[in-house]
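Chain by chain, the residues run as shown.
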Amino acid sequence: MASETTSLVKNGKSDDEENLRRLKGYQWCVRWSDGVLLRKCRLASESGILRTRPTIFASIHRILSHTKLILNIATPHIHFCRWAFMVTFGGYFMSHFSRKCYSTVKQQLEKQAGYSPLILSEMDTVFMGTYAAGNIISGKLGDTFNPTTVLAIGLFGSGICLFLINVSLWYDFLGFSVTLGNFFIIAVYFLFGFFQSTGGPVGTAVMGNWFCDKKSVENRGLIFGLWTCHQYMGDITAAVCTAIVLGIGASYWWALFIPSVCNCSWAFLTMRLIADPADMGIITPEVRIRMEKLAAKRAEEGAHVVDEGPAPITYANALRIPMVAQYAFAFGFFKLTNYVLFFWLPYFLGKHFDPVTANLIASLYSVGMMPGGIIVGYVSDLFGGRRASVIGTFMGALFVFLFIFSRKSEELTAIPLLIMLGIMGILVGGPNNIITSAVAADLASHPSVRGNNKSLGTVTGLINGCGSVTASIGLLAVGPLQAAFGWGSVWLFLMGCTFMGTVLLGSKIKDELFPAPVGYAEVEANLAV
């Protein structure tokens, strides 16, 4: 202790002057070390905290001195991280592959199988309802039971549901009885929505378990931004698969059978994934915290205490985590904006262009969404994890584009529309992708639940589920709005949604841009982590 204190004073300089000089000397470490920690240390030094407790600065000095070395060494569980990334990426890819394949053969289901447009519409409605509720339920199930088992059940269930739809097509249930055929396919799709909901919240939870070391946390936005590309790759693969099936003259039901087999096959692979690093004897920062809590409990209650793992977080406690409720409702407004553009753009453009041109222009919006998550994640990492500020900036830019649409959408030609919709895809897709992945992981890392890996699935499920419910309800307003007041009113409606979602994040944006002064207890807590 004495040597550490003495080392802070040289050549008669005061502690405060020497502390500030050394802090400036370690500015070069900012790109290797935790930027938040460095800023907090500077505040602590200027406020006199480090002057009164010099041992803190000595600890910071040691941390920063070895940061570059530490971060350049691959974590010992890097291969397991890559395996977890691949398996969960593939699982969510399969979900979208199977989900999109159904929509690509709707025309054949109507003209060849004989299902009415009303039944197909009811299938979509039933799916949206069970998918929204399933997100909330699946997240909790993933935190309560083995996450990989829940993921595998979701994939098996999705594959079996598609296979059952094929059975109804092969044996012509609709021809045998219209009531039986309609009831059967709607009932199957009702279950399909629940099985499809497991990929998002549970997959995110598994990713959060493995990518929790310091380097992964610093690059969490980029990692999850890349990971969320699974949905777009699945959608694209489904479209290509259906195009090949129909192009070679095969029966359209092959477009449903192929993803059915793929889902079941990937489920077997998913069952081999280890969801918790602790089960492999790997000590991640989260596992270390859990071990410290267990040791403290054994010291208090005795050595007989058995490690049963952290208890799953309840919905009420998840909503008590700061900003979870705000992000859940904000995501609903952002997802509603996405759904309106995704589902209604082809219809809107079809009123001004031929079908081929309209679909080509609309596709640019979907193409833009894929890099959106990567861009938002990477930029938010560059700014020290200030994701709400980056999301707010993107939403502000989107507000401007929607305003232009409200004024000029009926006059814009194909080229300006292509450019604008590509940019709007980035602006909408980025925040939507990051909120349900990196932001959810950030929220589940709150100090109140640190060391408890049974929270991320519930948090992600709440955000995604509440967002889906809000978006589903909001979609009901689009048809009446455009019929009564024209498309200008729809764009104004989306401007309102964008504004409301951003306002809900206002307090978080303020905290990120104008952080409160750091006290000694907070500095010490950060060092402990």
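Residues numbered from 1 in each chain as written. Predicted model: local features only at pLDDT ≥ 70, side-chain atom pairs only at ≥ 80, totals over all residues. Heavy atoms only, no water.

1. With respect to the pattern of salt bridges
Link 1 in the chain: Within this structure, the stated rule accounts for five salt bridges.
Link 2 in the chain: R387 serves as the salt-bridge partner of D442, at 2.5 Å between the closest nitrogen and oxygen. In this pair, D442 is assigned in helix α22 (residues 414-443) and R387 in helix α21 (residues 387-408), connecting sequence segments 55 residues apart.
Link 3 in the chain: Among the residues examined, D442 registers a relative accessible area of 26% and is labelled partly exposed.
Link 4 in the chain: Looking at R387, the relative accessible area reads 3%, which means it is buried.
Link 5 in the chain: A single salt-bridge network, built from bridges that share partners, covers R220, D381, R387 and D442. (Salt bridge = Lys/Arg side-chain N within 4 Å of Asp/Glu carboxyl O. Helix = DSSP H or I, 4+ residues; strand = E, 2+ residues; numbered from the N terminus. Buried < 20%, exposed > 50% of the residue type's maximum accessible area, 1.4 Å probe, protein only.)

2. A word on the packing of aromatic side chains
Link 1 in the chain: Under the defined criterion, the tally for this structure stands at 26 aromatic pairs.
Link 2 in the chain: Ring plane angle 15° and centroid distance 6.0 Å describe the contact between F85 and F89, whose orientation is recorded as stacked. One end of the pair is F85 and the other is F89, both in helix α6 (residues 78-104) and four residues apart, which spans about a single turn.
Link 3 in the chain: Between F127 and Y131 the ring centres are 5.6 Å apart and the planes differ by 15°, which places this aromatic pair in the stacked class. On the criterion of helical spacing, the pair formed by F127 and Y131 is a turn pair, its members being four residues apart in helix α8 (residues 117-144). The same class applies to F127 and to Y131, which are both buried.
Link 4 in the chain: The ring of Y315 has K140 sitting right over it, with the charged end atom 5.9 Å from the ring centre. (Phe/Tyr/Trp six-rings, centres within 6.5 Å; stacked < 30°, edge-to-face > 60°. Lys NZ or Arg CZ within 6 Å of the ring centre and 35° of its normal.)

Spatial relationships are all this shows, so hold off on functional conclusions.
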